[in-house]
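# Structural overview for review
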Amino acid sequence: MKTMPAVCIYSYGGPGVLVYEDAPRPHAGDGEVLVQVHAAGINPVDWKIREGHLKEMLHHTLPLVLGWDVSGIVAALGSGVKHLKVGDEVFSHPDLARDGAYADFIVIKESEVALKPKSIDHLHAAALPLAGLTAWQTLFEAGGLAAGQRVLIHAAAGGVGHLAVQLAKWKGAQVIGTASAHHHDFLRKLGVDQIVDYQTVRFEDVVQPVDVVLDTVGGDIQERSWKVVKPGGILVSVVSPPSAAIAAARGVRQAFVFTQPNAAHLAEIARLVEAEKLKAIVETILPLSDATRGQELSERGHTRGKIVLRVI
Ligand SMILES: NC(=O)c1ccc[n+]([C@@H]2O[C@H](COP(=O)([O-])OP(=O)(O)OC[C@H]3O[C@@H](n4cnc5c(N)ncnc54)[C@H](OP(=O)(O)O)[C@@H]3O)[C@@H](O)[C@H]2O)c1
């Protein structure tokens, strides 16, 4: 049996349950491709799964390889693969229910893989899929954001936020973003029209009504966000489902988005990267063997842009 270096968990828990070891190399089945991983992005869901928060929903079998953002090269095809060939440079947010990309190889369904933008390297491509799909599916699919509308993006400097800002600007929306002061220059460069320091200002005191709120924080931030949604507008959360009763009472809409792998949306994202309308900012690059450190950094909750593991 061929093996490969991988970062796995055998039990749920803190960073100490991560194991860097030789794991069996997987094989591509029907409709799947084997991808040689060059870089794997880190997302909060990685340590949430490690801690067991999604175990009722995802029913993983342990050991589990973590990491659900990848950029790499197609190394082998399973039967029935139609649109990809060996040697293609690809990127993907693969299915959270299966083994992830903190490894030399990953098997991914063809329907979850798109060609990587040629103009960027694997490290930057691996930063895009999960956060980019989240921004796309919240703003455009759930939120219906249109040119001329106003959008409030919470945690605008984070992984999802910094891509959502750029997608909303590309769409022609007016963007309000929240972040602490040390991210404000960064947000200005991304084109945010109004920046709110969430540590010193209550956003609902200074933000005029908006068409769409993107809630990436939850809790009190979500509760206070109702006050700034225009009649007919929408509060979209990726953290917890907003109350349908409150939405109805206020004459607004609400949605909870659980990001879905989607090759067509990824291809749109790749097109915008090639057109220089969208760029992932990678704050930290670490070797695969330092996945524990990467997750600890992510868990602190103050990432600017993305953290990525270099695998090759
Ligand atoms: N439902 C889904 O499918 C889905 C998909 C993607 C993400 N998510 C969830 O969405 C959340 C965000 O994901 P992410 O990848 O963007 O995380 P991230 O990159 O770790 O976010 C870090 C950012 O959050 C900011 N932040 C923290 N507290 C804040 C607050 N109270 N107000 C404003 N900004 C705040 C930080 O800014 P400062 O440094 O200024 O504090 C930092 O820039 C996570 O909980 C993640 O699990 C869910």
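As a further point, take helix 10 (residues 263–274). Under the 1.5 Å per step criterion, the end-to-end length of helix 10 is 16 Å for 12 residues, consistent within 8% with the ideal 16 Å. Buried residues of helix 10: Ala-263, His-265, Leu-266, Ile-269, Ala-270, Leu-272 and Val-273, and no others. Here the buried face of helix 10 lies against strand 6 (89–92), strand 8 (113–115), helix 4 (129–142) and helix 5 (159–171). Sitting at the amino-terminal end of helix 10 is Asn-262, which places a side-chain oxygen 3.0 Å from the backbone nitrogen of Ala-264. Glu-276 sits one or two positions beyond helix 10 and adopts a positive phi of about 60°.

Right, let's get into the sheet that holds strand 4 (residues 64–65). As summarised here, the arrangement of the three strands in space is 2-1-4, forming an open sheet in which the pairing is antiparallel. Both edges of this open sheet fall to strand 2 (18–24) and strand 4, since each of them pairs with a single strand only.

Leu-128, Leu-139, Val-151 and Ile-153 are the most contacted members of the largest nonpolar core, which has 48 residues in total. Listed in part, the 44 residues of the second largest apolar core include Cys-8, Leu-58, Ala-101 and Ile-106.

All right, on to the site of the ligand then. The local shell around the ligand holds 24 residues, among which Lys-48, Ser-180, Tyr-198, His-302 and Thr-303 are the closest. A distance of 2.7 Å is found between an oxygen atom of the ligand and a side-chain nitrogen or oxygen belonging to Lys-48. One of the backbone N or O atoms of Val-160 is found 2.9 Å from an oxygen atom in the ligand. In isolation the ligand exposes 940 Å². Once the protein is present, 87% of that is buried. Breaking the shell around the ligand down by element, the ones donating at least two residues are helix 1 (44–50), helix 4, helix 5 and strand 10 (174–179). When grouped by side-chain class, the residues that make up the shell around the ligand number 11 nonpolar, 12 polar and one charged.

So, on to the pattern of salt bridges. This structure, assessed with the given rule, holds 14 salt bridges. With its nearest N and O atoms 3.1 Å apart, the salt bridge here joins Arg-98 to Glu-32. You can see Arg-98 sitting in the loop between strand 6 and strand 7 (105–109) and its partner Glu-32 sitting in strand 3 (residues 32–42), a full 66 residues away along the chain. The class of Arg-98 is partly exposed, set by a relative accessible area of 25%. Arg-50 is the partner of Glu-299 in a salt bridge, and the nearest nitrogen-oxygen pair spans 3.2 Å. Note that Glu-299 is positioned in helix 11 (residues 291–300) and Arg-50 in helix 1, a separation of 249 residues in sequence. Here the residues in one salt-bridge network are Arg-202, Glu-204, Asp-220 and Arg-224, joined through shared partners.

Right, let's get into the packing of aromatic side chains. Applying the stated criterion across every chain, the model contains three aromatic pairs. Arranged with centres 5.9 Å apart and planes meeting at 65°, the rings of Phe-140 and Trp-170 form a pair that is edge-to-face. Taken together, the positions of Phe-140 in helix 4 and Trp-170 in helix 5 put the pair 30 residues apart, joining distant regions of the chain. Taking the relative accessible area as the measure of exposure, Phe-140 reaches 13% and is therefore buried. One aromatic cluster is present, formed by Trp-136, Phe-140 and Trp-170 through successive ring pairs. Its guanidinium or amino end placed over the ring of Phe-140, Lys-171 lies 4.8 Å from that ring's centre, counting from NZ or CZ.

Attention now goes to the environment of Arg-304. Residue placement: Arg-304 occurs in the loop between helix 11 and strand 16 (306–310). For Arg-304, a relative accessible area of 25% gives the class partly exposed. Sequence separation of Arg-304 and His-183 is 121 residues, and the distance between their C-alpha atoms is 7.5 Å. Filtering out sequence-adjacent residues up to four positions away, Arg-304 remains in contact with Ala-157, His-182, His-183, Phe-186, Ile-281 and Glu-283. Of the polar contacts made by the side chain of Arg-304, one reaches the side chain of His-183; its length is 3.0 Å.

Together, Met-57, Phe-256 and Phe-258 give the surface a local cluster of nonpolar side chains, amounting to about 270 Å² of exposed area. Structurally, Phe-258 is set in the loop between strand 14 (253–256) and helix 10.

Okay, unusual backbone geometry next. Cis geometry is adopted by the peptide bond preceding Pro-63, which originates at Leu-62 and carries an omega value of 5°. Note on placement: Pro-63 falls in the loop between helix 2 (55–58) and strand 4. Even without being a glycine, Ala-155 presents a positive backbone phi close to 55°. In this structure Ala-155 comes out as partly exposed when scored by relative accessible area, which is 30%. Residues other than glycine seldom take positive phi values, yet Glu-276 does so here, at roughly 60°. Residue Glu-276 is classed as exposed on the basis of its relative accessible area, which comes to 72%.

Thresholds, definitions, all that
Residues numbered from 1 in each chain as written. Predicted model: local features only at pLDDT ≥ 70, side-chain atom pairs only at ≥ 80, totals over all residues. Heavy atoms only, no water. Helix = DSSP H or I, 4+ residues; strand = E, 2+ residues; numbered from the N terminus. Expected span 1.5 Å × (residues − 1). Buried < 20%, exposed > 50% of the residue type's maximum accessible area, 1.4 Å probe, protein only. Contact = heavy atoms within 4.5 Å. Polar contact = N/O pair within 3.5 Å; in protein donor to acceptor, adjacent residues only side chain to side chain. Pairing = 2+ DSSP bridges. Core = buried A, V, L, I, M, F, W, Y, C linked by side-chain atoms within 4.5 Å. Near = heavy atom within 4 Å. Areas by Shrake-Rupley, 256 points an atom, 1.4 Å probe, with all protein chains shown as cover. Nonpolar A, V, L, I, M, F, W, Y, C, P; charged D, E, K, R; others polar. Salt bridge = Lys/Arg side-chain N within 4 Å of Asp/Glu carboxyl O. Phe/Tyr/Trp six-rings, centres within 6.5 Å; stacked < 30°, edge-to-face > 60°. Lys NZ or Arg CZ within 6 Å of the ring centre and 35° of its normal. Patch = residues over 30% accessible without salt bridge, like charges linked within 9 Å, V, L, I, M, F, W, Y side chains within 5 Å.

In short, shape yes, function no, at least from these values alone.
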